[in-house]
Amino acid sequence: MLNIIRLTFAIFVIVLIVPQTPTENLVLRIFYETRSFTNYGQANKFLNLVTWACICLFLLMTFIGIS
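Since this is a predicted model, take the numbers as computed values, not measurements.

> In this structure, what is going on with the state of the cysteines? I would like to understand it.
What is meant by a disulfide is a covalent connection between two cysteines, made through their sulfur atoms. Within the structure shown, the criterion is met by zero disulfides. As a non-bridged cysteine, Cys54 has Cys56 as the owner of its nearest cysteine sulfur, 9.5 Å distant. In this structure Cys54 comes out as buried when scored by relative accessible area, which is 8%. A residue is classified by how much of its surface remains accessible, and Cys56, at 43% relative accessible area, is partly exposed.

Here it is in structure tokens:
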């Protein structure tokens, strides 16, 4: 069961990170267009926080051995 959760989370991390390129950041644009943030900077900070949190959580699940 935990392997399915780990696989799902890995796919989520890939889907979150892949569209983020230096020239065109699709995920950031989607976050900003939801009007949940007052300005572009807040959306950018939130996206960076979510991205690094997902990466760290995935690494913890994979290598620390949550099983």
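> What is the right way to read the packing of aromatic side chains from this model?
Two aromatic rings, taken as a pair, are described by how far apart their centres are and by the angle between their planes. Enumeration over the complete set of coordinates arrives at five aromatic pairs. Summarising the aromatic geometry, the rings of Tyr32 and Tyr40 are spaced 5.5 Å apart at their centres and angled 75° between planes, so their arrangement reads as edge-to-face. Judged by its relative accessible area of 44%, Tyr40 is partly exposed. On the numbers, 5.3 Å between centres and 40° between planes, the contact of Phe37 with Phe46 is tilted. Residue class for Phe46 comes out partly exposed when judged on its relative accessible area of 35%. Grouping aromatic residues by their ring pairs yields a cluster made of Phe31, Phe37 and Phe46.

Thresholds applied
Residues numbered from 1 in each chain as written. Predicted model: local features only at pLDDT ≥ 70, side-chain atom pairs only at ≥ 80, totals over all residues. Heavy atoms only, no water. Disulfide = S-S within 2.5 Å. Buried < 20%, exposed > 50% of the residue type's maximum accessible area, 1.4 Å probe, protein only. Phe/Tyr/Trp six-rings, centres within 6.5 Å; stacked < 30°, edge-to-face > 60°.

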